[in-house]
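Examining the three-dimensional arrangement
Here is what each chain is made of, one letter per residue.
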Amino acid sequence: MPKPLDPQTKKHLAARVKYYKEMGIHDFYRQPIDPNVDLALHPVNETTPAKSQASVTLPPVIGDKPSALKLIREDIGECTRCRLHKGRTNLVFGVGNVNADLMFIGEGPGADEDAKGEPFVGRAGQLLNNMISAMGIKREDVYIANVVKCRPPSNRTPEKDECDVCSPFLMRQIDVIKPKVIVALGAVAAKTLLAINASMSDLRGRWYGFRGGTKLAVTYHPAFLLRDPRQKKEAWKDLQMVMTELGLPLPNRAPE
Ligand code: SF4
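The following refers to the structure shown. (Residues numbered from 1 in each chain as written. Predicted model: local features only at pLDDT ≥ 70, side-chain atom pairs only at ≥ 80, totals over all residues. Heavy atoms only, no water.)

The secondary structure content of the protein amounts to nine helices and six strands. Counting the 256 residues in the protein, one finds 43% classified as buried. Taking the contacts inside the protein whose residues are at least 6 apart along the sequence as the reference set, 67% of them involve residues at least 24 apart. Counting every atom, the protein has about 13,900 Å² of accessible surface; 53% of that belongs to carbon and sulfur. (Helix = DSSP H or I, 4+ residues; strand = E, 2+ residues; numbered from the N terminus. Buried < 20%, exposed > 50% of the residue type's maximum accessible area, 1.4 Å probe, protein only. Contact = heavy atoms within 4.5 Å. Areas by Shrake-Rupley, 256 points an atom, 1.4 Å probe, with all protein chains shown as cover.)

Here's what the structure looks like:
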């Protein structure tokens, strides 16, 4: 008769099973336990799972955010889970302050981001930087990521199946960073994060409850604002809503 798992191991296994379910994996098989092995002599730790138990790599204790993010990056690996890996130069994981109150999430890397391995570093990134500084904060204060981590060919919109395969990693990043507010940049990010299908005009201008008490707002993607600068005024309204929520002072004038 195998010994019951200790509460800490049970907690870690439950977290790992939850993660696999988010990845769409629902069937699990437990390897038979060798009755000759005394589990008490082979304690499970975070890097060396006991070979006699289900073969899993246990998640780190949340609290050490850089380690938790590193583990997510290791789990992604040299990912080929969707077709977007074919055109990738660099996988674009995410960047910024791991303790950020504010997280911006776009749809996917473009050419500059793919070349550098960092989100929002091209022209759209420059505009995002301007939007962030108009809020009275710096790029280094926030965390920035995308729904998909590899560049779609010719900068096309990521397909739903690509978003569905990749977004569980983003959800894990959000769970680690635990921002107070997420700003979804554009329809792809908004629809993926909220799992709803609606137009940008319906999605903007209101708050959504998100996981773990985080609030989510939707605004235009900076690449769209570059194509239609008249909408910058509307985006500024969205950012003012975010500033009020975060207790940031509102400037008297809108940014140029
Ligand atoms: Fe993997 Fe995401 Fe890249 Fe697809 S986009 S290959 S799921 S990392």
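Tracing the chain through its elements places asparagine 146 in strand β3 (residues 143-146). Classification of asparagine 146 by relative accessible area gives buried; the value is 2%. One polar contact links the side chain of asparagine 146 to the main-chain amide nitrogen of glutamate 107, over a distance of 3.4 Å. Polar contacts involving the side chain of asparagine 146 include one to the main-chain amide nitrogen of glycine 108, which spans 3.4 Å. (Polar contact = N/O pair within 3.5 Å; in protein donor to acceptor, adjacent residues only side chain to side chain.)

Near the ligand, the surroundings consist of Cys79, Arg81, Cys82, Leu84, His85, Arg88, Leu91, Lys149, Cys150, Val165 and Cys166. Tallied by class, residues from the shell around the ligand come to seven nonpolar, one polar and three charged. (Near = heavy atom within 4 Å. Nonpolar A, V, L, I, M, F, W, Y, C, P; charged D, E, K, R; others polar.)

What follows deals with the pairing of β3. Side chains Tyr143 and Ala145 of β3 all project onto a buried face; the interleaved residues Ile144 and Asn146 project onto the opposite face, where all are buried too. Pairing of strand β1 (residues 95-96) with β3 involves two bridges; the strand directions are antiparallel. Directly across from glycine 96, in β3, lies its bridge partner tyrosine 143. As paired elements, strand β2 (residues 102-106) and β3 share four bridges and run parallel to each other. Across the sheet, residue methionine 103 finds its bridge partner in β3, namely tyrosine 143. (Pairing = 2+ DSSP bridges.)

Before going further, it helps to examine the nonpolar core. In terms of nonpolar packing, the biggest core is built from 62 residues, with Phe104 and Leu193 touching the most fellow members. Broken down by element, this core gets its largest block of residues, eight residues, from helix α5 (residues 160-177). Apart from the residues within four sequence positions on either side, phenylalanine 104 is in contact with Leu128, Ile132, Met135, Val142, Tyr143, Ile144, Ala145, Val183, Leu185 and Leu239. (Core = buried A, V, L, I, M, F, W, Y, C linked by side-chain atoms within 4.5 Å.)

As a packed pair, α5 and helix α6 (residues 187-194) sit with axes 11 Å apart at the nearest point and diverge in direction by 75°. The angle between α5 and α6 falls in the class roughly perpendicular. Seen from α5, the contacting residues are Cys163, Ser167, Leu170, Met171 and Ile174; seen from α6, they are Val188, Thr192 and Leu193. Among the residues making up the contact of α5 with α6, the classes are represented as six nonpolar, two polar and no charged. (Axes fitted to C-alpha atoms, helices over the stretch in contact; angles between N-to-C directions. Parallel < 35°, antiparallel > 145°, perpendicular 65-115°, else oblique.)

Pairing between side chains of opposite charge can happen when their charged atoms approach one another. Following the criterion strictly, the structure yields 15 salt bridges and no others. Between lysine 70 and glutamate 74 there is a salt bridge, with its nearest N and O atoms 3.5 Å apart. Separated by four residues within a single helix, lysine 70 and glutamate 74 lie in helix α2 (residues 65-76), roughly one turn from each other. For arginine 172, the salt bridge is made with aspartate 75, and the minimal N-O distance between the two is 3.0 Å. Taken together, the residues arginine 172 in helix α5 and aspartate 75 in helix α2 connect sequence positions 97 residues apart. Taking relative accessible area as the criterion, arginine 172 reaches 11% and is therefore assigned buried. When salt bridges that share partners are traced, they join Arg83, Arg156, Asp161 and Glu162 into one network. (Salt bridge = Lys/Arg side-chain N within 4 Å of Asp/Glu carboxyl O.)

What follows deals with unusual backbone geometry. Within the chain, phenylalanine 120 stands out as a residue other than glycine whose phi angle is a positive 50°. Note on placement: phenylalanine 120 falls in the loop between α3 (111-116) and α4 (123-134).

For strand β6 (residues 215-219), the buried fraction is high: four of the five residues fall into the buried class. The pairing of strand β4 (residues 181-185) with β6 spans five bridges and is parallel. What sits directly across from isoleucine 182, in β6, is leucine 216. Sheet topology places strand β5 (residues 208-209) next to β6; two bridges connect them, and they run antiparallel. Across the sheet, residue glycine 209 finds its bridge partner in β6, namely lysine 215. Linking β5 to β6, which pair antiparallel, is a turn of five residues; within it glycine 212 sits at a positive phi near 60°.

Note that all results are geometric; they support no functional claim without further evidence.
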